[in-house]
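Chain by chain, the residues:
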Amino acid sequence: MAMRLQLTEGSELLEAWAESASQAERNVMYEALFAVGDGSAFLIYDIFGDPRDRSNFIVSVKPNLVLKVLLRRADSSFEIRYLGAPDDGRDDAAEAAGPAREEPSSSEGP
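Predicted model, so just to flag it, every value in this text is computed and none were measured. Residue positions are counted from 1 within each chain, in the order its sequence is given. Only residues with pLDDT of 70 or above have their local features reported here, since the model is predicted, and side-chain atom pairs are shown and tallied only from 80 upward, although totals for entire chains, interfaces and linings are computed over all residues. Here the side-chain values reflect all heavy atoms present in the structure, with hydrogen atoms and water set aside.

1. Here's the deal with the packing of helix α1 (residues 11-20) against helix α2 (residues 23-38)
Okay, step 1: Between the N-to-C directions of two axes lies an angle of 0 to 180 degrees, each axis being a line fitted to C-alpha atoms and, for a helix, fitted only over the stretch in contact. Put simply, DSSP H or I for four residues or longer makes a helix, DSSP E for two residues or longer makes a strand, and each gets a number counted from the N terminus. α2 packs onto α1 with a crossing angle of 155° between their chain directions and a minimal axis gap of 10 Å. The orientation of α1 relative to α2 falls into the category roughly antiparallel. On α2, the residues that touch Leu14, Trp17 and Ala18 of α1 are Glu25, Arg26, Met29, Tyr30 and Leu33.
Okay, step 2: Any residue outside Ala, Val, Leu, Ile, Met, Phe, Trp, Tyr, Cys, Pro, Asp, Glu, Lys and Arg is labelled polar, Gly included; the first ten of those are nonpolar and the last four are charged. The class makeup of the residues in the contact of α1 with α2 is six nonpolar, no polar and two charged. To sort the angles, those under 35 degrees are grouped as roughly parallel, those over 145 as roughly antiparallel, those from 65 to 115 as roughly perpendicular, and the leftovers as oblique. Contacts between residues were defined by any pair of non-hydrogen atoms, one from each residue, lying within 4.5 Å.

In structure tokens, the structure reads:
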């Protein structure tokens, strides 16, 4: 049974990314975000766990586009942690968003 999730944080990252993305990239990213929200992303996309925080997942939206989300099962929500190319300076992007973005924030433990 799929779990429905609500986007609670990261819309500012989405807006900043969308400003420079093509319409085609925005369309596939929005589809991926809806799939995360309705719980079908694990059936549609290749998804990889983040070894640093098991609540983070990296969704391979297409070969040159990924979405990193933090799932919070306790309150049925998720937040956007990163959008863009898989090797597009992810550490720099996360650092610019603030140090708390890369810290484990799950109460479920390591």
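2. Description of the nonpolar core
Okay, step 1: Ranked by size, the top nonpolar core spans 23 residues in total, and within it Trp17, Met29, Val36, Leu67 and Leu83 carry the most contacts.
Okay, step 2: When residues of this core are traced back to their parent elements, those giving at least two are α1, α2, β3 (53-62), β4 (65-72) and β5 (77-84).
Okay, step 3: Leave out the neighbours within four places in its chain, and Trp17 touches Glu25, Arg26, Met29, Leu65, Leu83 and Gly84. Here, the term nonpolar core denotes a set of buried Ala, Val, Leu, Ile, Met, Phe, Trp, Tyr and Cys residues that are joined through side-chain atoms within 4.5 Å. Only protein chains enter the accessibility calculation, which uses a 1.4 Å probe; a residue is then buried when its area is under 20% of its type maximum, exposed when over 50%, and partly exposed in between.

3. A short note on unusual backbone geometry
Okay, step 1: For Ser76, which is not a glycine, the phi torsion comes out positive at approximately 50°.
Okay, step 2: Structurally, the position occupied by Ser76 is in the loop between β4 and β5.
Okay, step 3: A residue is classified by how much of its surface remains accessible, and Ser76, at 30% relative accessible area, is partly exposed.

4. With respect to the environment of Pro86
Okay, step 1: Inspection of the secondary structure assignment puts Pro86 in the loop between β5 and α4 (90-97).
Okay, step 2: Note on Pro86: relative accessible area 44%, which makes it partly exposed.
Okay, step 3: C-alpha separation for the pair Pro86 and Leu67, spaced 19 residues apart in sequence, amounts to 8.7 Å.
Okay, step 4: Those residues in contact with Pro86, other than ones at most four positions away along the chain, are Pro63, Asn64, Leu65 and Val66.

5. Quick look at the sheet that holds strand β2 (residues 46-50)
Okay, step 1: Strand pairing is defined by DSSP finding a minimum of two bridges between the two strands. Taken together, five strands build an open sheet; the order of strands is β1-β5-β4-β3-β2 and the sheet is mixed. Only two strands of the sheet have a single neighbouring strand rather than two, namely β1 (6-9) and β2. Adjacent strand axes in the sheet meet at a mean angle of 35°, parallel and antiparallel pairs treated alike.
Okay, step 2: In terms of strand pairing, β2 meets β3 through five bridges, oriented antiparallel. In the sheet register, Phe48 faces β3, and the bridge partner there is Ile58.
Okay, step 3: Relative to the sheet, α1 contacts β1, β4 and β5, its axis offset from that of β5 by approximately 25°.
Okay, step 4: In the packing of α2 onto the sheet, contacts are made with β3, β4 and β5, and the angle to β4 comes to roughly 25°.

6. Observations concerning the pairing of β3
As a general feature of sheets, a regular strand has side chains that alternate between the two faces.
Okay, step 1: In terms of burial, β3 is a largely internal element, seven of the ten residues being buried.
Okay, step 2: Hairpin connection, β2 to β3: the antiparallel pair is bridged by two residues.
Okay, step 3: Relative to β4, β3 is paired through six bridges, and the arrangement is antiparallel. In the strand pairing of β4, Val59 is matched with Leu67.
Okay, step 4: Two successive antiparallel strands, β3 and β4, enclose a turn made up of two residues.

On their own, these measurements won't tell you what the molecule is for.
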